[in-house]
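Here is what each chain is made of, one letter per residue.
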Amino acid sequence: MPLLELKNITKRFPGVLALDSVSLSVDPGEVIALIGENGAGKSTLMKILGGVHQADEGEIRVDDKPITIRHVSDAIRTGIGFIHQELNVLDNLDIAGNVFLGREKLWGGPLKLLDRKAMREESRTYLRRLGLQLDPATPLSQLSIAQQQMVEIAKTLSQNARLLIMDEPTSSLTLTETDRLLETIADLKRQGVSVIFISHRLDEIKRCADRVVVLRDGKNAGALPKEQVSHDNMVRLMVGRELKDLFKRVPSHKQNGGLRVTGLRTRYKPQHTISFEVSRGEILGFAGLVGAGRSEAAQAIFGVEPALEGEIAVDGKAVSIRTARDAISAGIYLAPEDRRDTGLITEMVIRENITLPAMKRYTNALGLISKSRESKSAAEQCASLKVKAPSVETRVMNLSGGNQQKVVLGKWLAMQPRVIIFDEPTRGIDVGAKAEIYRLMGSLADNGVAIIMISSDMEEILGVADRIAVMHEGRITGVLAREQFNQETIMRLAVGKTANSQ
């Protein structure tokens, strides 16, 4: 008998049919991977299950009994726990304080004093279930992101969760931390806990899922039993077509000009400098492990965190960059890693985000902003980038991750860039949206834009870049031409060895 059944769930928002008669079942101790392109309906379905939204039609059954989930508290009482991509933890409390947040154990009658000893002892039980040898009195601020995630899982287990929903749980984890999380999922499965695992990382899904359920355009697109779970099968169901040529791009001819960086020293690793060039028409990939200093270099070039020293030239002309305004004036634009916090103003609509960097272009003779001029430009960018939204007046917070990334790009493309830095351009977006981003990057290069692409996705860096610069501890350890590309060489350089060392 299934632990959970969602039957014919339909949800409508103004102008959008988000879910169209979607069904899903989960057995006790089963790991279900829920996948689909951004905007396919995954998040909406899970928010209905978590009590954030209510379905317009359909039925939810637990243990073969119909239930109603109107609030988050209803989901918790039902035994449903959420592990969100953005962790809901407080780093000013200790582990036990986070595990029992909002459900603190008290003593002293009307004095309501915290029973820290009882909370720490019970927390230790849940930590042991997860294989963690941590002192429950440890402040959360001393833990890694992966350990904080385990604390959140311990919190849901303390609420007697029988079903965990994990939304992109590995997006901020290293490879080693990801391995540990997948081992934890296997342990929970053996303990009878069910898991719905939402991820765009198909290799992880192949490792942990008993079954894959695919949504496309708000509908069930199919399901795959474990023996049929493969990269090709998942991609075909997600996008409705084959993506054999996902990374294939004919490199365009390098053109004169581009970006030259000489002796760049950042606050992150001030003992090292980096120097490199990227020509117009070229995509230079930056590879490296977490903490190598790639994003910090990008922020220095863009003026977000001014460099301690170094020279930057665009098309052979030296430019002084102390602020982001200086970089924009020089034609250097950055699509940052954290698009929600630093690439967009999510409370504003698409039109306002796309036109924000160049407001003078949209003002009339009196200095007043022309909304019609803004709307025309934003609509042109949305059409060119295939942004899925009811209109340019849609709030950016209501878009999927892939469409938010397209709005970030639309903002800069409207300004005729000379150099664009893409920092993790496809993190957290689906295979179909990735293909569109790759095509866009190739088109920009073909039109003479110099492109820097920082990526932790090995397939992506090998498939998209014309050359690869590898960083370790704030310095470039090697630059590879396309005929030198291979994973082993990149990893050797990423850990500080030479390309030919063993």
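Now for a quick tour of the structure. (Residues numbered from 1 in each chain as written. Predicted model: local features only at pLDDT ≥ 70, side-chain atom pairs only at ≥ 80, totals over all residues. Heavy atoms only, no water.)

**Quick notes on the packing of helix α5 (residues 145-158) against helix α6 (residues 175-190)**
Between α5 and α6, whose axes approach to 10 Å, the crossing angle comes to 15°. Between α5 and α6, the interaxial angle falls into the category roughly parallel. Where α5 crosses over α6, the handedness of that crossing is right-handed. Across the interface between the two elements, Ala146, Gln149, Met150, Ile153 and Leu157 of α5 pack against Glu177, Arg180, Leu181, Thr184 and Leu188 of α6. Of the residues assigned to the contact of α5 with α6, the class counts are six nonpolar, two polar and two charged. (Axes fitted to C-alpha atoms, helices over the stretch in contact; angles between N-to-C directions. Helix = DSSP H or I, 4+ residues; strand = E, 2+ residues; numbered from the N terminus. Parallel < 35°, antiparallel > 145°, perpendicular 65-115°, else oblique. Left-handed = near helix turned anticlockwise from the far one by under 90°. Contact = heavy atoms within 4.5 Å. Nonpolar A, V, L, I, M, F, W, Y, C, P; charged D, E, K, R; others polar.)

**Thoughts on the pattern of salt bridges**
Applying the stated criterion across every chain yields a total of 25 salt bridges. Note that Lys189 and Asp210 form a salt bridge whose closest N and O atoms lie 2.6 Å from each other. Of this pair, Lys189 sits in helix α6 while Asp210 sits in the loop between α7 (202-208) and β11 (211-216), and the two are 21 residues apart along the sequence. For Lys189, a relative accessible area of 33% gives the class partly exposed. Take Asp210: its relative accessible area is 19%, and that puts it in the buried class. Asp315 serves as the salt-bridge partner of Arg418, at 3.3 Å between the closest nitrogen and oxygen. Of this pair, Arg418 sits in the loop between α14 (401-413) and β19 (419-423) while Asp315 sits in the loop between β16 (309-314) and β17 (317-319), and the two are 103 residues apart along the sequence. One continuous salt-bridge network, built from bridges that share partners, spans Glu59, Arg61 and Asp64. (Salt bridge = Lys/Arg side-chain N within 4 Å of Asp/Glu carboxyl O. Buried < 20%, exposed > 50% of the residue type's maximum accessible area, 1.4 Å probe, protein only.)

**Things to note about the sheet that holds β16**
Ordered in space as β14-β13-β16-β17, the four strands form an open sheet in which the pairing is antiparallel. Bordering the open sheet on either side are β14 (274-280) and β17, each of which pairs with just one other strand. For this sheet, the mean angle separating the axes of adjacent strands, direction not counted, is 20°. Taken together, the three bridges between β16 and β17 define a ladder with antiparallel strand orientation. From the neighbouring strand, Ile312 faces β17, where its bridge partner is Val319. (Pairing = 2+ DSSP bridges.)

**Topic: the side chain of Thr170**
The residue Thr170 is located in the loop between β9 (163-167) and α6 in this model. In this structure Thr170 comes out as buried when scored by relative accessible area, which is 0%. Among the polar contacts listed, one links the side chain of Thr170 to the side chain of Glu204, at a separation of 2.7 Å. Apart from the residues lying within four places of it in its own chain, the contact partners of Thr170 are Thr178, Leu181, Arg201 and Glu204. (Polar contact = N/O pair within 3.5 Å; in protein donor to acceptor, adjacent residues only side chain to side chain.)

**Overview of the sheet that holds strand β21 (residues 467-472)**
Paired through backbone hydrogen bonds, the strands of a sheet run either parallel or antiparallel to each other. The strand order across the open sheet formed by six strands is β18-β19-β20-β15-β21-β22, and the pairing between neighbours is mixed. Each having just a single partner strand, β18 (332-335) and β22 (475-481) make up the two edges of the open sheet. Here the average twist between neighbouring strands, direction ignored, is 20°. In the sheet, strand β15 (residues 283-288) pairs with strand β20 (residues 450-454) via four bridges, with the strands oriented parallel. Counted as the bridge partner of Phe286 is Ile454 from β20. Running over the sheet, helix α9 (residues 294-302) touches β15, β18, β19, β20 and β21 and is turned about 140° from β18. Across the face of the sheet, helix α15 (residues 431-446) comes into contact with β15, β19 and β20 while running at roughly 150° to β20.

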